[in-house]
Amino acid sequence: MISLKTLTTAEMSQVRCLWEECFEDSPAFLDWYFKYRFQAKDGLGLFSDGLLLSSLHLSPRKIRIRKYTYPSAYLIALATKPAFRKQGLAKKLLTYALRHLAANNIFFTFLMPFNLQFYTRLGWGIYCQHEFYQIPYLTAEDPHPNLSLISSISDYHLLEKIYNKWEKKFNGALIRDKNDWECLLRDHFMDGGKVYVLSDKDLEPTAYALTLTKANKDKLFIRELAYTHLSFGKELLRQLSIDNPKNALIWIAPEESNPPSLFLPVKTLPIILGRITNLQKALEALIYPPIDFQTTLEVFDPLLPENNGIYQLDLKQGQMQVLKVTDANVKIRCSIGALARLIAGSALPGGKQLGNEIELISPDPELLFSLQTIFPKTTNYINEYF
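Residues numbered from 1 in each chain as written. Predicted model: local features only at pLDDT ≥ 70, side-chain atom pairs only at ≥ 80, totals over all residues. Heavy atoms only, no water.

### Some details on the overall build of the protein chain
- For the protein chain, the helix and strand inventory stands at 10 helices and 19 strands.
- The globule rule puts the C-alpha radius of gyration for 386 residues at 21 Å, and the 22 Å found for the protein chain is close to it.
- Counting the 386 residues in the protein chain, one finds 52% classified as buried.
- Considering only intrachain contacts with a sequence separation of at least 6, the fraction spanning at least 24 residues in the protein chain is 72%.
- Only carbon and sulfur atoms are counted for the fraction: they give 54% of the accessible area of the protein chain, which is about 17,800 Å².
- Positive and negative side-chain charges of the protein chain, numbering 43 and 40 respectively, have mean locations separated by a distance of 2 Å. (Helix = DSSP H or I, 4+ residues; strand = E, 2+ residues; numbered from the N terminus. Rg over C-alpha atoms; globule rule 2.2 N^0.38 Å. Buried < 20%, exposed > 50% of the residue type's maximum accessible area, 1.4 Å probe, protein only. Contact = heavy atoms within 4.5 Å. Areas by Shrake-Rupley, 256 points an atom, 1.4 Å probe, with all protein chains shown as cover. Lys, Arg positive; Asp, Glu negative; His and termini not counted. Charge placed at Lys NZ, Arg CZ, Asp CG, Glu CD.)

Okay, structure coming up:
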């Protein structure tokens, strides 16, 4: 008999065995992950007579959407035993997970896709993209007197000071707590990464970089670079080049990060996808511009039929009332994934990013203007791997 449920501590050995069967991670990584990051209560499993066939981890997080913070969950490690794949078990587990989150008042969730098309066709939309930039080795100059390396997770507070200022420039970012920082640094150090911190003349931290050198020994990957002012970011980049001679720098940067002119764009990749669990509650939870606006919206959700249908939207003084109706003159039609992108601000209504994902039934310029006012384009940034 098939059953879907929250995992228990007694089932953790099955969860780890499934991970080992489906992913190519080292025992050291799994020791770290199951000790510090994952707890049974945050996992879901699909079982057949006590045997775990598929599992999914729901890592609790806090996410900022349009400058307001909401509870969220980072979906990690969706896995199905190889012998039971192509039977719809992953889709069944994802459906259960979204309903489980909605029942716990979590209306926004995100993930890093192993396959973009797999998730977008199931209703996820692009939340943020990363730009990959490359800069060649720079001519050495005098090193900065206050550039240091940290090697202890207890020093996370030096990075936190910078990050908490830097991430405010993004309308959609992840709020990191103490455990998030400690997990990030444990993971980074386990990968052989370094952490550079730049300080000013008063020894206040002004910029940091998490760097990795892996298979390509001639390249230094800047996994994350944050700064309190762009000038400090540029100085740290210069210092990284001095400290790593003969290495080209690859910066995995937020979209629209305005890099120094020497950086050459390599590629842009969608890194994080977002999803709505309960359409009505999600729209009502958001904070909007203080304008009055009414329209009707028809939405299609391939995983959650309860989200399908026509909705009357009534916005007054920054708060949205959403009422599901059976009969109305529909003015907007879109997929749940397109709506997720509008909410997140990763695509502009009427812009090229959405293509045909959102349809204005009547070509009404006033309606389009109102939508662009309510859902303006933003810059989002999430850079978490686990």
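### As for empty space enclosed by the protein
- All chains considered together, the criterion is met by three cavities of 30 Å³ or more.
- Estimates place the volume of the largest cavity at around 100 Å³.
- If you trace the largest cavity, you find 13 residues lining it, with Ile65, Phe108, Tyr127, Gly274 and Arg275 closest to the centre.
- Classifying every residue of the lining of the largest cavity gives nine nonpolar, three polar and one charged.
- Estimated volume of the second largest cavity: approximately 70 Å³. (1 Å grid on protein atoms, 1.4 Å probe; cavity = no way out; pocket = protein on both sides within 12 Å on 5 of 7 lines; lining within 4 Å. Points joined across faces, edges and corners; volume = space filled by probe spheres on them. Nonpolar A, V, L, I, M, F, W, Y, C, P; charged D, E, K, R; others polar.)

### Notes on the sheet that holds strand E17 (residues 332-335)
- On the basis of which strands lie adjacent, the open sheet formed by five strands has the order E16-E15-E14-E17-E18 and mixed pairing. Only two strands of the sheet have a single partner each, and these edge strands are strand E16 (319-325) and strand E18 (358-360). Put simply, the sheet's adjacent strands are angled 25° from each other on average, direction ignored.
- Where strand E14 (residues 293-300) and strand E15 (residues 309-316) come together, seven bridges link them in antiparallel fashion. Across the sheet, the residue bridging to phenylalanine 293 is leucine 315, located in E15. (Pairing = 2+ DSSP bridges. Axes fitted to C-alpha atoms, helices over the stretch in contact; angles between N-to-C directions.)

### Describing the layout of surface pockets
- Considered as a void within the structure, the largest pocket measures approximately 1,200 Å³ in volume.
- Together, 42 residues line the largest pocket, and Phe23, Ala77, Met112, Pro113 and Phe114 are the ones closest to its centre.
- Only helix H1 (12-22), strand E4 (68-80), helix H3 (89-103), helix H4 (116-120), strand E6 (125-135) and strand E11 (219-227) provide two or more residues apiece to the lining of the largest pocket.
- With seven residues, E4 is the largest single contributor of residues to the lining of the largest pocket.
- By residue class, the composition of the lining of the largest pocket is 27 nonpolar, five polar and 10 charged.
- For the second largest pocket, the calculated volume is near 290 Å³.
- Around the second largest pocket sit 19 residues that line it, and Arg37, Pro60, Asp177, Asn179 and Asp180 are the ones nearest its centre.
- For the lining of the second largest pocket, the elements supplying multiple residues, two or more each, are helix H2 (27-37), strand E3 (51-65) and helix H6 (178-190).
- A total of six residues in the lining of the second largest pocket trace back to one element, the largest contributor, which is E3.
- Its residues placed into classes, the lining of the second largest pocket shows six nonpolar, four polar and nine charged.

### Looking at the packing of aromatic side chains
- Enumeration over the complete set of coordinates arrives at 29 aromatic pairs.
- Ring geometry for tryptophan 19 versus phenylalanine 29: centroids 5.9 Å apart, planes at 45°, classification tilted. Taken as a pair, tryptophan 19 in helix H1 and phenylalanine 29 in helix H2 lie far apart in primary sequence, 10 residues in all.
- Taking the relative accessible area as the measure of exposure, tryptophan 19 reaches 3% and is therefore buried.
- Judged by relative accessible area, which is 6%, phenylalanine 29 ranks as buried.
- Between tyrosine 70 and phenylalanine 108, the aromatic rings sit 5.3 Å apart at their centres with planes inclined by 65°, giving edge-to-face as the arrangement. In this pair, tyrosine 70 is assigned in strand E4 and phenylalanine 108 in strand E5 (residues 108-111), connecting sequence segments 38 residues apart.
- The positively charged end of arginine 176 is found above the aromatic ring belonging to tyrosine 163, 4.1 Å away from the centroid.
- Lying across the ring of tyrosine 36, arginine 186 places its NZ or CZ 3.7 Å from the centre. (Phe/Tyr/Trp six-rings, centres within 6.5 Å; stacked < 30°, edge-to-face > 60°. Lys NZ or Arg CZ within 6 Å of the ring centre and 35° of its normal.)

### Observations regarding helix H7 (residues 230-243)
- For H7, spanning 14 residues, the distance from its first C-alpha to its last is 20 Å, which sits close to the expected 20 Å at 1.5 Å a residue.
- Buried residues of H7: Gly233, Glu235, Leu236, Leu237, Arg238, Gln239, Leu240, Ser241 and Ile242, and no others.
- Contact partners of the buried residues in H7: strand E7 (147-150), strand E9 (194-199), strand E10 (205-212), E11 and strand E12 (248-254). (Expected span 1.5 Å × (residues − 1).)

### Observations concerning the nonpolar core
- In terms of nonpolar packing, the biggest core is built from 94 residues, with Leu159, Tyr208, Trp251, Leu339 and Ile343 touching the most fellow members.
- At seven residues, helix H9 (residues 336-344) tops the list of elements feeding residues into this core. (Core = buried A, V, L, I, M, F, W, Y, C linked by side-chain atoms within 4.5 Å.)

### Re the side chain of arginine 66
- The residue arginine 66 is located in the loop between E3 and E4 in this model.
- Under the relative-accessibility criterion, arginine 66 is labelled buried at 13%.
- A distance of 2.9 Å separates a polar atom in the side chain of arginine 66 from the backbone oxygen of isoleucine 343.
- One polar contact links the side chain of arginine 66 to the main-chain carbonyl oxygen of proline 376, over a distance of 2.8 Å.
- Those residues in contact with arginine 66, other than ones at most four positions away along the chain, are Asn171, Leu342, Ile343, Ala344, Gly345, Ile374, Phe375, Pro376 and Thr378. (Polar contact = N/O pair within 3.5 Å; in protein donor to acceptor, adjacent residues only side chain to side chain.)

### Here's the deal with the pairing of E11
- Of all nine residues making up E11, seven are buried, and the element is well covered by its neighbours.
- Where E10 meets E11, six bridges bridge the pair, whose relative direction is antiparallel. Opposite alanine 207, over in E11, you have tyrosine 227 as the bridge partner.
- The pairing of E11 with E12 spans four bridges and is parallel. Bridge pairing in E12 places phenylalanine 221 opposite isoleucine 250.
- Crossover handedness for the path E11 to H7 to E12: right-handed. (Right-handed = clockwise from strand over helix to strand, strands pointing away.)

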